[in-house]
Amino acid sequence: QVQLVESGGGLVQPGGSLRLSCAASGSIFSINMMAWYRQAPGKQRELVATITSGGSTNYADSVKGRFAISRDNAKNTVYLQMNSAKPEDTAVYYCNARVFTKNWGNYWGEGTLVTVSS
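What you are looking at is a predicted structure, and each value in this text was computed from that prediction instead of being measured. Every chain is numbered independently, its residues counted from 1 as its sequence is written. Per-residue local features are limited, in this predicted model, to residues with pLDDT of at least 70; the limit for side-chain atom pairs, both in listing and counting, is 80 or more; totals at the level of whole chains, interfaces and linings are taken over all residues. Hydrogens and water molecules were not included; the side-chain quantities draw on all heavy atoms of the structure.

S.K.: Can you walk me through the sheet that holds strand 8 (residues 77–82) in this structure?
M.R.: Spatially, 1-3-8-7 is the arrangement adopted by the 4 strands of the open sheet, whose pairing is antiparallel. Two strands bound the open sheet, and with one partner strand each, they are strand 1 (2–7) and strand 7 (67–72). The average angle at which neighbouring strand axes cross in this sheet is 15 degrees, direction not considered. Strands were regarded as paired on the criterion that DSSP finds at least two bridges between them. Here a helix means four or more residues in a row that DSSP labels H or I, a strand means two or more in a row labelled E, and each is numbered from the N terminus. For helices, the axis comes from a line fit to the C-alpha atoms of the stretch in contact; other axes are also lines fit to C-alpha atoms, and the angle between any two N-to-C directions lies between 0 and 180 degrees.

S.K.: In this structure, what is going on with the state of the cysteines? I would like to understand it.
M.R.: Working definition of a disulfide: a covalent bond connecting the sulfur atoms of two cysteines. Cysteine sulfur atoms that pair up within 2.5 Å are treated as a disulfide. Applying the stated rule across the entire model yields 1 disulfide. The disulfide partner of Cys22 is Cys95, and the S-S distance across this bridge is 2.1 Å. What sets the handedness of the Cys22 and Cys95 disulfide is the S-S torsion sign, and at about -80 degrees it is left-handed. A residue pair is termed long-range when its members are at least 10 positions apart, and Cys22 in strand 3 (residues 18–26) and Cys95 in strand 9 (residues 91–100) qualify at 73 residues. Accessible area is worked out with a 1.4 Å probe on protein chains only. A residue is then buried under 20% of its type maximum, exposed over 50%, and partly exposed in between. Look at Cys22 and you get buried, because its relative accessible area is 0%.

S.K.: Would you explain the side chain of Arg71 in this entry?
M.R.: As for its placement among the helices and strands, Arg71 is situated in strand 7. It turns out Arg71 is buried and unbridged, and the closest side chain with the opposite charge, Asp72, is 8.2 Å from it. Under the rule applied, a polar contact is a pair of N or O atoms within 3.5 Å (in protein, one hydrogen donor and one hydrogen acceptor; residues adjacent in sequence only if both atoms are side-chain atoms). There is a polar contact of 2.7 Å between the side chain of Arg71 and the side chain of Asn73. Beyond its immediate sequence surroundings of up to four residues, Arg71 is in contact with Ile31, Asn32, Met33, Met34, Ile51, Thr52, Ser53, Thr77, Val78 and Tyr79. The sign given to each residue is positive for Lys and Arg and negative for Asp and Glu; His and the chain ends receive no count. Whenever a carboxyl oxygen of Asp or Glu lies within 4 Å of a side-chain nitrogen of Lys or Arg, that contact is scored as a salt bridge. Only heavy atoms matter for contacts: two residues are in contact if any of them lie within 4.5 Å across the pair.

S.K.: Just to check I follow, could you spell out the environment of Ile31 for this structure?
M.R.: You can see Ile31 is positioned in strand 4 (residues 30–39). Residue classification places Ile31 among the buried residues on the basis of a relative accessible area of 9%. Along the primary structure Ile31 and Ala97 are separated by 66 residues, whereas in three dimensions their C-alpha atoms are 6.9 Å apart. Those residues in contact with Ile31, other than ones at most four positions away along the chain, are Ala24, Ser53, Arg71, Asn76, Ala97, Arg98 and Val99.

S.K.: What exactly am I supposed to notice about the pattern of salt bridges here?
M.R.: Where charged atoms from two side chains of opposite charge approach closely, those side chains can pair. Inspection of the entire model under this criterion finds 4 salt bridges. Note that Arg38 is salt-bridged to Glu46, the shortest N-O span being 2.7 Å. Judged by its relative accessible area of 5%, Arg38 is buried. A relative accessible area of 35% places Glu46 in the partly exposed class. Across the salt bridge formed by Arg38 and Asp89, the nearest N and O atoms sit 3.0 Å from each other. Taken together, the positions of Arg38 in strand 4 and Asp89 in the loop between strand 8 and strand 9 put the pair 51 residues apart, joining distant regions of the chain. Within the structure, one salt-bridge network assembled from shared partners comprises Arg38, Glu46, Arg66 and Asp89.

Set out below in structure tokens:
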């Protein structure tokens, strides 16, 4: 069994910064891709950023240059540094990971709410 637990969400003012964390635990042999998704009220879940085990990253155009994804492989943890936050960044942020236990599986965290408002 694999669990992903997000933390770091909360209220941030427009232009401010916030750092999200997601720690994976359980019977983990290896983690390949890790990612952050978000879902705003009334909208579909969308991909925010991805990072491979080797550190290659990809970003949605809407966050490029403002957000930074990173990971600590020793801690099975992925981070999302959010800078220059905008009201349209308000959403529940979900962590996603492709994990090898007895076989490869796709796992999700329960989400953490980020609200950008003055």
